Amino acid sequence: MINVKFEQVMSNVEEAVTEDELAALLDNETNITAYAGYEPSGKLHLGHLLTAYKLMDLQSVGVDVIVLLADLHAYLNEKGTMDQIRDWADHYQKCFSALGLAEGTRFVRGSDYQLEPEYTKLILKLARHTTLNRARRSMDEVSRNAEDPVVSQMIYPLMQTADIGYLNIDIAVGGIDQRKIHMLAREELHSMGFKSPVCVHTPILLGLDANKMSSSSDNLIAIEDSPESIKKRIQSAYCPPRTVGDNPLLQLYRYYVFPQFKQVELERPQQYGGPICYEDFSTLELDYAVGKLHPLDLKNGAATYIERIIGPIRSALRSD
RNA sequence: CCCGCCUUAACUCAGUCUGGCAGAGUGGUCGGCUGUAGACCGACAUGUCCCCCGUUCAAAUCGGGGAGGCGGGACCA
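If you're wondering where the values come from, they're calculated on a predicted model, not measured in any experiment.

Regarding the protein's contact with RNA strand B
No. 1: Taken together, 14 residues lie near RNA strand B, and Ala237, Cys239, Pro241, Asp297 and Lys299 sit nearest.
No. 2: Here a base nitrogen of RNA strand B and a backbone polar atom of Cys239 are 2.6 Å apart.
No. 3: Contact distances for RNA strand B include 3.4 Å between a base oxygen and a backbone N or O atom of Pro241.
No. 4: Tallying contributions element by element places helix α13 (residues 295-319) first for the surface near RNA strand B, with four residues.

Here is the structure:
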């Protein structure tokens, strides 16, 4: 029984820190609160969806969820002016509502509480306890312009730590790029009398060109992309035959298609063997590894199923 | 506060001394080869030369002023 919950939360995650604490939490506690924070800047894309799915997994096992629209974090991390970020935050809230999070999801805007005196005091206290090197290293995977960091980017991890304490978070969800900040939070919050969060980290997926996913290199699928755009992007994605490592197409199946569909049917010309059906990712992966499944068939199927995932989100967004 | 260096295509940078069509590599787009992509081959496009003022027939280049970044020095009762 416990294992069912635990396995659900652990599915497709890179790591949980720690698994024992997570299991104990799910086993013994009620009124558990999990959160993920997002910098409102740039289009929402499949990468964001991965942590959103994890929040939904948590909701499905009875955990309360907070989505933090981290507007001040975005500002500190040089993502735009306050005005631009406010607009993005409005948009993000609509997008997340369209994703299908459970009723009762709490949306919180960072600026709603991060300017309160008590919060500020907590930041200063954290600043007093954190070395510059530690703060800087914690931002390595998170900040743009890694050389020439600004002081605001050193405040960022302190605020993220304070958020977890302030919002009384039990489970912090984020990509594995958040790891060092979360480890800082676990350490500092504990010594300041707050709960240390259990951290659940999702993988950071490759972009469609097998390089690091980034909106600037345009190698990702945004939730607002048109069906045509999705198809075109997937068509041009990197996909070496019989290769399962660092294959962005297989990632789409593993992290998006199979978690959402029990049965995956791939169309295929009769000439190459006709339609083929899979019920789990590992079977598909194996067929691909041995060359039983051609990259183009993989791509055509991915385009169909990714559109089936994104289509409803797109229309929910439009009807709003 | 003082001194030195840097700022040119999406990125990394040549070019500045000695003024004369705005350059290379990487990346990008298109095509060829593949039942996909990549690789490979071929073609194409890059632009506020950080900003302002001046000198000049002509300024990325010279002069003056400014902005941003980097490094050092000084200050430290």
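Focus: the sheet that holds strand β1 (residues 15-17)
No. 1: Here six strands make up an open sheet; going across it, the order is β1-β6-β5-β2-β3-β4 and the pairing mixed. Across the chains shown, the open sheet's two edge strands, defined by having one partner strand only, are β1 and β4 (106-109). Neighbour to neighbour, the strand axes of the sheet diverge by 25° on average, direction disregarded.
No. 2: With three bridges connecting them, β1 and strand β6 (residues 198-202) associate as antiparallel partners.

Structural notes on the packing of helix α6 (residues 117-129) against helix α8 (residues 151-166)
No. 1: Running from N to C, α6 and α8 cross one another at 125°; their axes reach a closest spacing of 9 Å. Classified by the interaxial angle, the pair formed by α6 and α8 is oblique. Helix-helix and strand crossings are classified by hand; for α6 and α8 the assignment is right-handed. Within the contact between the two elements, α6 uses Glu118, Tyr119, Leu122, Ile123, Leu126 and Ala127 and α8 uses Ile155, Leu158, Met159, Thr161, Ala162, Asp163 and Tyr166.
No. 2: When grouped by side-chain class, the residues that make up the contact of α6 with α8 number 10 nonpolar, one polar and two charged.

Digging into the domain arrangement of chain A
No. 1: Taken domain by domain, chain A consists of domain 1 (2-202) and domain 2 (227-319).
No. 2: Each partner contributes to the interface: domain 1 provides 10 residues, whereas domain 2 provides 11 residues.
No. 3: Interface area, domain 1 with domain 2, both sides summed: about 970 Å², of which 72% is carbon and sulfur.
No. 4: The largest share of the area that domain 1 buries against domain 2 comes from Asn12, Leu46 and Tyr53, three residues that together contribute 56% of it.
No. 5: If you look at where domain 1 meets domain 2, you find zero salt bridges.
No. 6: Our count for the domain 1 to domain 2 interface comes out at two residue pairs in polar contact (both at pLDDT 80 or more).

Comments concerning the nonpolar core
No. 1: Grouped together as the largest cluster of nonpolar side chains are 71 residues, with contacts concentrated most on Phe96, Ile171, Tyr253, Tyr256, Leu284 and Ile306.
No. 2: When we break this core down by domain, the ones giving at least three residues each are domain 1 (2-202) and domain 2 (227-319).
No. 3: Discounting chain neighbours no more than four positions away, the residues touching Ile171 are Leu22, Leu25, Ile32, Thr33, Ala34, Tyr35, Leu58, Val198 and Val200.
No. 4: By size, the runner-up hydrophobic cluster in this structure holds 22 residues, among which are Leu72, Val108, Met159 and Ile169.

So, unusual backbone geometry
No. 1: For the bond from Val17 to Thr18, the omega torsion is -10°, close enough to zero to count as cis.
No. 2: Relative to the helices and strands, Thr18 resides in the loop between β1 and α2 (19-28).
No. 3: At Asn12, a position not held by glycine, the phi torsion is positive, near 55°.
No. 4: Of the residues examined, Asn12 reaches a relative accessible area of 26% and is grouped as partly exposed.
No. 5: Even without a glycine there, the phi angle at Arg242 is positive, about 55°.
No. 6: In this fold, Arg242 is placed in the loop between α10 (227-235) and α11 (248-260).

Quick word on the state of the cysteines
No. 1: A complete count under the given rule lists zero disulfides for this structure.
No. 2: Its sulfur unpaired, Cys277 is 20 Å from the next cysteine sulfur, which belongs to Cys239.

Looking at the packing of aromatic side chains
The geometry of an aromatic ring pair is captured by the separation of the ring centres together with the interplanar angle, meaning the angle of the planes.
No. 1: According to the stated counting rule, one finds 10 aromatic pairs in the structure shown.
No. 2: Look at Phe258 and Phe281: their rings are 6.2 Å apart centre to centre, the planes differ by 70°, and that puts the pair in the edge-to-face class. Placement of Phe258 in helix α11 and of Phe281 in helix α12 (residues 281-289) is noted, with a sequence separation of 23 residues between them.
No. 3: In this structure Phe281 comes out as buried when scored by relative accessible area, which is 14%.
No. 4: Here the aromatic cluster, defined as three or more aromatic residues joined through ring pairs, consists of Tyr38, Trp88, Tyr92 and Phe96.
No. 5: We note Arg308 situated over the ring of Tyr305; from NZ or CZ to the ring centre the distance is 4.6 Å.

So, how was this worked out
- Residues numbered from 1 in each chain as written.
- Chains lettered and ligands numbered in written order.
- Predicted model: local features only at pLDDT ≥ 70, side-chain atom pairs only at ≥ 80, totals over all residues.
- Heavy atoms only, no water.
- Near = heavy atom within 4 Å.
- Polar contact = N/O pair within 3.5 Å; in protein donor to acceptor, adjacent residues only side chain to side chain.
- Helix = DSSP H or I, 4+ residues; strand = E, 2+ residues; numbered from the N terminus.
- Pairing = 2+ DSSP bridges.
- Axes fitted to C-alpha atoms, helices over the stretch in contact; angles between N-to-C directions.
- Parallel < 35°, antiparallel > 145°, perpendicular 65-115°, else oblique.
- Left-handed = near helix turned anticlockwise from the far one by under 90°.
- Contact = heavy atoms within 4.5 Å.
- Nonpolar A, V, L, I, M, F, W, Y, C, P; charged D, E, K, R; others polar.
- Domains from an automatic or database assignment.
- Buried area = accessible area lost by both parts, 1.4 Å probe.
- Salt bridge = Lys/Arg side-chain N within 4 Å of Asp/Glu carboxyl O.
- Core = buried A, V, L, I, M, F, W, Y, C linked by side-chain atoms within 4.5 Å.
- Buried < 20%, exposed > 50% of the residue type's maximum accessible area, 1.4 Å probe, protein only.
- Disulfide = S-S within 2.5 Å.
- Phe/Tyr/Trp six-rings, centres within 6.5 Å; stacked < 30°, edge-to-face > 60°.
- Lys NZ or Arg CZ within 6 Å of the ring centre and 35° of its normal.

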